[in-house]
Amino acid sequence: MIDRIFKAYDVRATYPSPLNEEAAWKVGHATGLFLQRDRSDLPADKKAKLEDTVVVGRDMRPSSPELAGALIEGLRSTGMNVIDVGLIDTSFIYFAINHLDAVGGIQTTASHNPVQYNGFKISGPKAKPIGAASGLDDIKRIASNLRVGQTGLKGKLEQRDLWADYRRHVLSFLDLKRRLRVAVDASNGMAGKMVPAVFDGVADLEILPLLFDYNAGFAHDPNPLVEANLAMLKELMGRTRPDLGVCFDGDADRCIFLDENCRSIGCDLITALLARDFLAQEKNRGATIVYDLRSSHVVADEVKAAGGVPRRERVGHAFIKKTLAETQGVFGGELSGHFYFRDNFYADSGAIAFARLLSVLSASDKPLSAHIAPLERYARSGELNFQIEDKDAKIRDLAEKYKRARIDYLDGITIEVPEEGFWFNVRKSNTEPMLRLNLEARDPITLNAKLSDLKKLLGEPVQGH
């Protein structure tokens with residue numbers, strides 16, 4: 001059971017099998033023991049500032065109350081105190097850990113997965129992500145050897161409402177210069193609670209809500225990266241003609257933006273746009289901007305042009321967040337729709353990304369499409385997936401074929417041929433016999449030619465991935 005529910009970055013599986021209340025208790029107990037042990041290495045002065053308290057929240061899935069309840073009992077059985085912050089978006093948990101100076105936090109959620117899934121996103125002190133390489137494997141090992149039962153320990157449990165504090169924090173990133181109308185698709189997820197709680201009553205902001213009922217199941221899959229899931233939002237925008245649209249995923253930590261013409265915008269282009277905005281602020285001059293290596297070269301171009309330092313990083317929030325903190329970078333973005341902020345404890349936030357894009361858009365009379373158009377200067381393949389059994393051998397073949405190119409292995413293989421005007425990255429899927437290709441070129445003709453070359457080696461892309 002335990003082997004089947006632990007993934008690279010979180011705990012996630014279908015409910016009630018293999019993820020059930022017994023497994024949730026074990027995850028809670030194992031996380032409590034891990035956080036206590038992890039804390040034991042802290043210097044005495046830092047230890048004093050961190051209470052023996054873990055923050056727990058949950059999303060709106062029907063299984064979340066029972067799973068969160070069992071998780072809490074597992075945590076308390078280690079002597080850990082628990083503050084239950086209730087129904088929240090995932091970014092809220094990162095805020096709560098830092099606001100309360102807790103030793104860690106756990107959000108009960110399966111993010112963008114269908115309703116039968118659930119799971120846990122686990123964070124340590126200062127909301128640092130706990131993934132396979134940073135403690136999740138230890139928690140899994142502890143959980144594998146547990147039996148549910150009385151331990152003689154029982155930490156305190158307290159419910160706390162932090163929405164007013166969270167609203168104040170998010171709105172500190174919002175600076176509207178003119179009136180905006182925004183269509184918001186909450187995907188029947190936690191944005192249905194977060195958006196009204198944070199943005200209702202803001203002067204000069206009119207929100208046109210879609211799928212804000214978070215007790216109704218999903219009218220479409222809560223994954224805004226799939227273009228088909230944006231159909232209902234596009235229909236609403238076509239009728240109401242707002243300034244822009246935004247679609248949040250199930251736990252509302254990611255979002256996809258649509259311009260006034262109902263066109264979805266790549267998250268790397270949003271990263272480039274927001275990077276310039278942050279670097280224009282006096283306090284951020286020359287700061288580092290972190291981005292995932294699948295992103296368009298336009299991100300690095302824009303960061304350099306604005307006087308900042310571009311920093312490529314591996315895909316995944318654990319890597320982006322760590323590098324952002326180490327470089328004291330001001331902002332980071334991923335192609336997946338996660339956006340990270342120095343002034344948000346180096347954590348990601350869908351709500352803050354929304355607030356900052358509104359601020360940028362309101363600062364001029366230009367529509368969003370006019371902000372994006374200058375950034376669309378390269379031809380791009382989008383992410384294409386190829387079914388490959390021996391992934392390592394295929395990556396070696398690519399390295400041999402392009403051995404005269406610039407090559408690095410930061411995440412998969414990245415090959416750049418500037419004199420021919422193209423570059424690409426190929427990464428291995430963690431879970432499937434798949435290689436994922438992102439190719440970019442100076443023009444569509446070069447793009448098509450290089451894609452044809454790569455298909456000779458990789459085959460035809462698999463649809464629906």
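Computed from a predicted model, the values in this text were never measured in an experiment.

Undergrad: For the environment of Leu67, give the residues involved together with the corresponding values.
TA: Relative to the elements of secondary structure, Leu67 occurs in helix 4 (residues 64-76). When its relative accessible area of 0% is taken as the criterion, Leu67 is described as buried. Through-space distance from the C-alpha of Leu67 to that of Thr53 is 19 Å; in sequence the pair is 14 residues apart. Setting aside its immediate chain neighbours within four residues, Leu67 contacts Tyr15, Leu19, Asn20, Glu21, Ala24, Thr108, Asn118 and Phe120.

Undergrad: Pulling in residues and values, what's your account of the nonpolar core?
TA: The biggest cluster of nonpolar side chains holds 87 residues, and the ones touching the most others in it are Met194, Phe199 and Phe248. By size, the runner-up hydrophobic cluster in this structure holds 31 residues, among which are Ile2, Ala70, Leu75 and Val82.

Undergrad: Go over the packing of helix 7 (residues 163-171) against helix 8 (residues 191-199) with me, naming the residues and quoting the values.
TA: Contact geometry of helix 7 with helix 8 gives a least axis separation of 9 Å together with a crossing angle of 75°. Between helix 7 and helix 8, the crossing angle belongs to the class labelled roughly perpendicular. Residues Trp163, Tyr166, Arg167, Val170 and Leu171 of helix 7 touch helix 8, and the partners they reach there are Lys193, Met194, Pro196, Ala197, Val198 and Phe199. Split into classes, the residues belonging to the contact of helix 7 with helix 8 amount to nine nonpolar, no polar and two charged.

Undergrad: Which residues make up the sheet that holds strand 17 (residues 406-408), and what values do they have?
TA: Across the sheet, which stays open at both edges, the five strands sit in the order 16-20-19-18-17 with antiparallel pairing between neighbours. A single partner strand is all that each edge strand has here, and the edge strands are strand 16 (379-387) and strand 17. Between one strand axis and the next, the sheet turns through 15° on average, direction left out of account. In terms of strand pairing, strand 16 meets strand 20 (residues 434-441) through seven bridges, oriented antiparallel.

Cut-off values and rules
- Residues numbered from 1 in each chain as written.
- Predicted model: local features only at pLDDT ≥ 70, side-chain atom pairs only at ≥ 80, totals over all residues.
- Heavy atoms only, no water.
- Helix = DSSP H or I, 4+ residues; strand = E, 2+ residues; numbered from the N terminus.
- Buried < 20%, exposed > 50% of the residue type's maximum accessible area, 1.4 Å probe, protein only.
- Contact = heavy atoms within 4.5 Å.
- Core = buried A, V, L, I, M, F, W, Y, C linked by side-chain atoms within 4.5 Å.
- Axes fitted to C-alpha atoms, helices over the stretch in contact; angles between N-to-C directions.
- Parallel < 35°, antiparallel > 145°, perpendicular 65-115°, else oblique.
- Nonpolar A, V, L, I, M, F, W, Y, C, P; charged D, E, K, R; others polar.
- Pairing = 2+ DSSP bridges.

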